Amino acid sequence: MKKILNLVGTVLVLSMVFAGCKTTTTAGSGIKGKGAKMGKWTTKLVDYQGATFGKEIPEWVTLLSEGQYSSQVLSKSMPGIEGKKVFVTIGRGNNLEFVRNWTDLVDVEVQVGDTFQRVVTKGVQASMNAKASETGKVLTEAEVQKKLDMYKAAVSLVELTGLEKTASYWIEAVRYEGKKAVNDYFEYYAVWTMDKKLFDKQIKAAMATVDDNTSEGQALKDMIRSKLMDSVVSSNDVAINNVADDYVVYGD
């Protein structure tokens, strides 16, 4: 769902601003590239939950559509989730009931588990790369895989006891290529929460099963635990997952 911008108003404002400014130009090289070919497609919202009763789309839904998943942001429009561990599941498909049921009954466990696995993999690899850069010692592929397997096995034990669906919402949209409708689909958004202290307790218990009690191993456990605590999104969109995971592991 695309954020609609008032382009006309923006252009007018910018025109007024730049009209009073002196501008300078720089000489070009004379070399020109080929203009980019833009797809002539649009997406239109045709229905949404509560539309029959004239209700507005909740702000938290638009936040999710813009990639805002943190509890700090969502709590401003979703009272009651302060201090909670938040996960988001986003499903898309041509049949609303299928998308909703699959997301609620299957995706929430599968996708959260996959999120843990990805965060662990990227966290361990980042740690190994940092160590190799500092010491010059590069672990073999077998050594790295052994460490990865230990942490993956550990997080697979997390059962997320206490996880609850806090809110859900659906929208229906149609994608057009020119004037031709090429895809009618539903998007389903669900916010899941659990007590942060309970979540941290489960992560600590999982890390305790990793058989590496060296100071270096403890540091890696603490780092992985911290990254798992920061993980906020679980989605069936690979691009969304990769961006979210990289932010958690590597930061800005």
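Analysis parameters
Residues numbered from 1 in each chain as written. Predicted model: local features only at pLDDT ≥ 70, side-chain atom pairs only at ≥ 80, totals over all residues. Heavy atoms only, no water. Helix = DSSP H or I, 4+ residues; strand = E, 2+ residues; numbered from the N terminus. Buried < 20%, exposed > 50% of the residue type's maximum accessible area, 1.4 Å probe, protein only. Polar contact = N/O pair within 3.5 Å; in protein donor to acceptor, adjacent residues only side chain to side chain. Contact = heavy atoms within 4.5 Å. Phe/Tyr/Trp six-rings, centres within 6.5 Å; stacked < 30°, edge-to-face > 60°. Axes fitted to C-alpha atoms, helices over the stretch in contact; angles between N-to-C directions. Parallel < 35°, antiparallel > 145°, perpendicular 65-115°, else oblique. Left-handed = near helix turned anticlockwise from the far one by under 90°. Nonpolar A, V, L, I, M, F, W, Y, C, P; charged D, E, K, R; others polar. Expected span 1.5 Å × (residues − 1). Salt bridge = Lys/Arg side-chain N within 4 Å of Asp/Glu carboxyl O. Pairing = 2+ DSSP bridges.

Phi angles above zero are rare outside glycine, and leucine 160 is one such case at about 55 degrees. Relative to the elements of secondary structure, leucine 160 occurs in the loop between helix 5 (141–155) and strand 3 (164–177).

Attention shifts here to the side chain of threonine 193. Relative to the assigned elements, threonine 193 resides in strand 4 (residues 180–195). The buried category is assigned to threonine 193, whose relative accessible area is 5%. In this structure the side chain of threonine 193 is engaged in a polar contact, spanning 2.6 Å, whose partner is the side chain of threonine 166. Once residues lying within four places of it in the same chain are set aside, the contact partners of threonine 193 are Ile81, Lys84, Lys85, Val86, Gly162, Leu163, Glu164 and Thr166.

What follows covers the packing of aromatic side chains. Per the stated rule, a full pass over the model turns up 6 aromatic pairs. Taking the centre distance of 6.0 Å and the plane angle of 40 degrees together, the rings of phenylalanine 116 and phenylalanine 199 count as tilted. With phenylalanine 116 in helix 4 (residues 96–135) and phenylalanine 199 in helix 6 (residues 196–207), this residue pair connects regions lying 83 residues apart in the sequence. Judged by centre distance (6.1 Å) and plane angle (65 degrees), the ring pair of tryptophan 170 and phenylalanine 186 falls under edge-to-face. Taken together, the residues span a long stretch of sequence, with tryptophan 170 in strand 3 and phenylalanine 186 in strand 4 at a distance of 16 residues. The pair formed by tryptophan 170 and phenylalanine 186 is uniform in burial state, with each residue classed as buried. An aromatic cluster is present here, built from Phe87, Phe116 and Phe199 joined pairwise through their rings.

Another point: the packing of helix 5 against helix 7 (residues 215–230). Remark: helix 5 packs on helix 7, axes separated minimally by 12 Å, with the N-to-C direction vectors making an angle of 45 degrees. Viewed along their axes, helix 5 and helix 7 adopt a mutual orientation that is oblique. Crossing of helix 5 over helix 7 shows right-handed handedness. The residues of helix 7 that touch helix 5, namely those facing Lys147, Tyr151 and Val155, are Gly217, Leu220, Lys221, Ile224 and Leu228. Each residue belonging to the contact of helix 5 with helix 7 can be placed in one class, and the counts come to 5 nonpolar, 1 polar and 2 charged.

Further remarks concern helix 7. Relative to the 22 Å expected for 16 residues at 1.5 Å per residue, helix 7 spans 23 Å between its end C-alpha atoms, a close match to the ideal helical length. All of the buried residues along helix 7 are Gly217, Leu220, Lys221, Ile224, Lys227, Leu228 and Met229.

Let us look at the pattern of salt bridges. As enumerated under the stated definition, the model contains 5 salt bridges in all. Salt-bridge contacts for arginine 225 lead to aspartate 200; the nearest nitrogen and oxygen are separated by 2.8 Å. Here arginine 225 is found in helix 7, whereas its partner aspartate 200 is found in helix 6, with 25 residues between them in sequence. Judged by its relative accessible area of 25%, arginine 225 falls in the partly exposed class.

Another aspect to go through is the side chain of threonine 89. Inspection of the secondary structure puts threonine 89 in strand 2 (residues 84–93). Exposure remark for threonine 89: the relative accessible area of 2% places this residue in the buried category. Reaching out from threonine 89, the side chain makes a polar contact with the side chain of tryptophan 192 at a distance of 2.9 Å.

Here the focus is the sheet that holds strand 4. Spatially, 1-3-4-2 is the arrangement adopted by the 4 strands of the open sheet, whose pairing is antiparallel. Each edge of the open sheet carries a strand with a single partner, namely strand 1 (41–48) and strand 2. When strand polarity is set aside, the average angle formed by the axes of neighbouring strands in this sheet is 25 degrees. Judged from the 7 bridges that link them, strand 1 and strand 3 form a sheet pairing that is antiparallel. Bridging across to strand 3, tryptophan 41 finds its partner in glutamate 177. The strands touched by helix 6 are strand 2 and strand 4; relative to strand 4, the strand with the most contacts, the crossing angle is about 85 degrees.

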